[in-house]
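Examining the three-dimensional arrangement
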Amino acid sequence: MSTAESCTGGLIGASITDIPGASEVYLGGVVSYSNDAKENILGVGHSTLLDHGAVSEQTARQMAEGAVRVFGSDYSVAVTGIAGPGGATPGKPVGLVYIAVADGPRTVVTRNVFSGDRQTVRESTVREACSLLIDMVEGRL
């Protein structure tokens, strides 16, 4: 498996590598905080970022699919969102996070709005992202 993280800044990868034996399944991750990293490393389309923004279903989808491609993984999880306290725009509040899980042929994206301060939003994102990944691996998605 692999990860592509923006708003969590590597917390998902850290949570995975906290588990003994993670090296048997975790290939690596990308912290693509900037749009340039999303484009140049993960292959998120420039037009996607212009038309929909970095915090969007489309960007999360392309991040997850890019992680599968870059790492050659069977599964990936990607997150992009607004952890706060600033950064909100009309229609995109603080706490908005898109989470995508991919297995190559399929990608599932969820829209989430988490409450709390920056750290709480990031921790909630990690929990939900890991839960979605487990659901995909176990065939519940």
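Anything mentioned here points back to the structure above.
Here we summarise the structure given alongside this text. In this numbering scheme, every chain counts its residues from 1 along its sequence in written order. Totals for whole chains, interfaces and linings use all residues, but because this is a predicted model, local features are given only for residues with pLDDT of at least 70 and pairs of side-chain atoms are given and counted only at 80 or more. Only hydrogens and water are set aside when side-chain values are computed; all heavy atoms of the structure are taken into account.

This part is about the overall build of the protein chain. The way it works is that DSSP assigns letters per residue, a run of H or I at least four long becomes a helix, a run of E at least two long becomes a strand, and they are numbered from the N terminus. Looking only at helices and strands, the protein chain has five helices and five strands in total. Sequence-ordered secondary structure for the protein chain, helices as α and strands as β, is β-α-β-α-α-α-β-β-β-α. This radius of gyration counts C-alpha atoms alone. The globule rule is 2.2 Å times how many residues there are, raised to the power 0.38. Computed over its C-alpha atoms, the radius of gyration of the protein chain comes to 14 Å, within 12% of the 14 Å expected for a compact globule of 141 residues. Three exposure classes are used, based on accessible area relative to the maximum for each residue type with a 1.4 Å probe and protein chains only: buried under 20%, partly exposed in between, and exposed over 50%. Per-residue burial over the protein chain gives 47% buried out of 141 residues. Carbon and sulfur atoms form 52% of the exposed surface of the protein chain, whose accessible area is close to 6700 Å². The charge count includes Lys and Arg as positive and Asp and Glu as negative, but it does not include His or the ends of the chains. Note on charges: their place is set at NZ of Lys, CZ of Arg, CG of Asp or CD of Glu. For the protein chain, the distance from the average position of its 10 positive side-chain charges to the average position of its 15 negative side-chain charges is 5 Å. Surface accessibility follows the Shrake-Rupley procedure with a 1.4 Å probe radius. Residue values consider only the protein chains on display as shielding.

With omega at 5°, the peptide bond leading from Gly84 into Pro85 counts as cis. One can find Pro85 in the loop between strand E3 (76–81) and strand E4 (96–102).

Attention now moves to helix H4 (residues 57–71). Helical periodicity: at 3.6 residues per turn, an α-helix aligns residues three or four positions apart in one direction. Take the residue count of a helix, subtract one, and multiply by 1.5 Å to get its expected span. With 15 residues, H4 extends 21 Å between its outermost C-alpha atoms, agreeing within 8% with the 21 Å of an ideal straight helix rising 1.5 Å per residue. Listed as buried for H4 are Thr59, Ala60, Met63, Ala64, Gly66, Ala67 and Val68. Among the structural elements, strand E1 (2–5), helix H2 (35–40), helix H3 (46–52), E3, E4 and strand E5 (107–113) are those in contact with the buried residues of H4. After H4 finishes, the residue Gly72 shows a positive phi value of roughly 65°. A contact between two residues is defined here by any heavy atoms of the two lying within 4.5 Å.

As a further point, take the pattern of salt bridges. Salt bridges are identified by distance alone: a Lys or Arg side-chain nitrogen within 4 Å of an Asp or Glu carboxyl oxygen. On inspection of all chains with the given rule, the structure shows four salt bridges. The partner of Arg61 in a salt bridge is Glu57, with the nearest N and O atoms 3.4 Å apart. Separated by four residues within a single helix, Arg61 and Glu57 lie in helix H4, roughly one turn from each other. With a relative accessible area of 27%, Arg61 lands in the partly exposed category. Residue class for Glu57 comes out partly exposed when judged on its relative accessible area of 37%. Between Asp103 and Arg106 there is a salt bridge, and its shortest N-O distance comes to 3.0 Å. One network of salt bridges, in which partners are shared, links Asp135, Glu138 and Arg140.

Okay, the nonpolar core next. Within the largest apolar cluster, 19 residues are counted, with the highest numbers of intra-cluster contacts made by Ile12, Val77, Val79, Val97 and Ile99. For this core, the elements supplying multiple residues, two or more each, are helix H1 (11–17), E3, E4 and helix H5 (118–137). Considering each element in turn, this core owes the most residues, six residues, to H5. If sequence neighbours within four positions are ignored, Ile99 has contacts with Val77, Ala78, Val79, Val108, Val109, Thr110, Asn112, Phe114, Thr125, Glu128, Ala129 and Leu132. Of all hydrophobic cores here, the second largest spans 18 residues; its members include Val55, Ala60, Val68 and Val109. By nonpolar core we mean a set of buried residues, namely Ala, Val, Leu, Ile, Met, Phe, Trp, Tyr and Cys, connected to one another through side-chain atoms within 4.5 Å.

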